[in-house]
Structures are given as C-alpha cells and as structure tokens.
Amino acid sequence: MLHQDLFEYKPNQKFDFIISNPPYIVEGDPHVTAWVDSNQPKEALYAADNGLEFYKYLISNGDVFLNPGGEMYFEIGFEQKQELEKFLRTQVLREYNFSKDLNGKWRFLKVRY
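Note that the structure is a prediction, hence the values are computed from the model and not measured.

The rules behind the values
Residues numbered from 1 in each chain as written. Predicted model: local features only at pLDDT ≥ 70, side-chain atom pairs only at ≥ 80, totals over all residues. Heavy atoms only, no water. Helix = DSSP H or I, 4+ residues; strand = E, 2+ residues; numbered from the N terminus. Rg over C-alpha atoms; globule rule 2.2 N^0.38 Å. Buried < 20%, exposed > 50% of the residue type's maximum accessible area, 1.4 Å probe, protein only. Contact = heavy atoms within 4.5 Å. 1 Å grid on protein atoms, 1.4 Å probe; cavity = no way out; pocket = protein on both sides within 12 Å on 5 of 7 lines; lining within 4 Å. Points joined across faces, edges and corners; volume = space filled by probe spheres on them. Nonpolar A, V, L, I, M, F, W, Y, C, P; charged D, E, K, R; others polar. Patch = residues over 30% accessible without salt bridge, like charges linked within 9 Å, V, L, I, M, F, W, Y side chains within 5 Å. Areas by Shrake-Rupley, 256 points an atom, 1.4 Å probe, with all protein chains shown as cover. Salt bridge = Lys/Arg side-chain N within 4 Å of Asp/Glu carboxyl O. Polar contact = N/O pair within 3.5 Å; in protein donor to acceptor, adjacent residues only side chain to side chain. Core = buried A, V, L, I, M, F, W, Y, C linked by side-chain atoms within 4.5 Å. Arc of directions from axis to C-beta.

Visitor: Explain the overall build of the protein chain to me, please; I cannot follow it from the model alone.
Guide: The secondary structure content of the protein chain amounts to five helices and four strands. Helices (α) and strands (β) of the protein chain occur, in sequence order from the N terminus, as β-α-α-α-α-β-α-β-β. Relative to a compact globule of 113 residues, whose C-alpha radius of gyration would be 13 Å, the protein chain shows 14 Å and is just as compact. In the protein chain, which comprises 113 residues, the share counted as buried stands at 35%. Contacts in the protein chain between residues far apart in sequence, at least 24 positions, make up 60% of those at least 6 positions apart.

See below:
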C-alpha cells in the first residue's frame, strides 16, 4: 500500500490495479450533511471540475500508473455516471463499466487498460 499525494507521485513501479475512493463531491453539494461537512477533512470530500478532478487525472494517466492490462476501480458519486461516461469516451481504454450499489444507484466504475 502506498500513501502519497497523487499529483506529486512519480512512480518508480507500475501496478496491476488501483482501488480508489477519491474526493468527488462538489463544494456546496446539498446532499452533504452539516455533520459530514464539519467533521470530515475537506480534502477528503471535495474535488474541482464538478468533482471529477481525481478521476480524470488517474484515468488520463493510467499508462503511467498501470501495467498493460491493469485496472482501476473507483467509487463514484451517484450523479456522476453521465459526465464520467462522456469523459471516458475520449480516452484510449480497453473497456470500462459502471455498477450499481444495493440501492440501485450508479456508484462504481471499473476501467481496464
């Protein structure tokens, strides 16, 4: 396991898979409770670019982080599937697919290189 600032990380090795639950909430999202906003680190919750900053960075740089055939697994915001799908269509990937959670909401993304 590796703990480091993603945007400063310069890999000296590649991985077979990456599992990520990145910050994906847009600042001011009405679904975030006051308790969560007050008690969780802001950098663990909020991301720029409509909450897509980390997904776009990791997916765009997958060849830097992953071995050929490598995969990334993400938790996503329940309203982000459409925007992520639009972005994914611009990327060179072998495949990607979304999965729903137990409540029937789109909450997971798998990307394969």
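Visitor: Explanation requested: the layout of surface pockets in the structure shown.
Guide: The probe, sized like a water molecule, is rolled over the atoms to show the empty space still left. Put simply, the second largest pocket is a space of about 290 Å³. Tyr24, Asp29, Gly77, Glu79 and Gln80 are the residues nearest the centre of the second largest pocket, which is lined by 14 residues in total. For the lining of the second largest pocket, the residue count by class is six nonpolar, four polar and four charged.

Visitor: It is not clear to me how a nonpolar patch on the surface should be interpreted in this structure. Could you clarify?
Guide: The grouping of Phe17, Ile19 and Tyr73 at the surface amounts to a nonpolar patch, some 330 Å² of accessible area in total. Position of Tyr73 among the secondary structure elements: in strand 2 (residues 66–75). Classification of Tyr73 by relative accessible area gives partly exposed; the value is 31%.

Visitor: Help me out: how do you make sense of the side chain of Glu71 in this one?
Guide: By the element assignment, Glu71 lies in strand 2. One polar contact links Glu71 to Tyr73, side chain to side chain, over a distance of 2.3 Å.

Visitor: What should I look at first to understand the nonpolar core in this one?
Guide: Burial of nonpolar side chains together is a common tendency in soluble globular proteins. Counting 27 residues, the largest nonpolar core has Tyr55, Ile59, Met72, Phe74, Leu109 and Val111 as its most contacted members. Among the elements of the structure, helix 3 (53–60), strand 2, helix 5 (81–88) and strand 4 (106–112) are those that each provide at least two residues to this core. Ranked by residues supplied to this core, first place goes to helix 3 with four residues. If near-sequence neighbours (up to four positions away) are discounted, Leu109 is found in contact with Ile59, Met72, Tyr73, Phe74, Ile76, Leu84, Leu88, Tyr96, Asn97 and Phe98.

Visitor: Would you mind going over helix 5 with me for this structure?
Guide: What helix 5 keeps buried is the set Lys81, Leu84, Phe87 and Leu88. On an axial view of helix 5, the arc spanned by its buried residues comes to 125 degrees, and they lie on one face. Buried-residue contacts for helix 5 involve helix 3, strand 3 (95–100) and strand 4.

Visitor: I'm lost on the environment of Leu6 in this one. Help?
Guide: The topology assignment puts Leu6 in the segment before strand 1 (15–20). In the structure, Leu6 is positioned 51 residues away from Tyr57 in sequence and 9.0 Å away in space, judged by C-alpha atoms. With near-sequence residues (within four places) excluded, Leu6 lies in contact with Phe54, Tyr57, Leu58 and Phe65.

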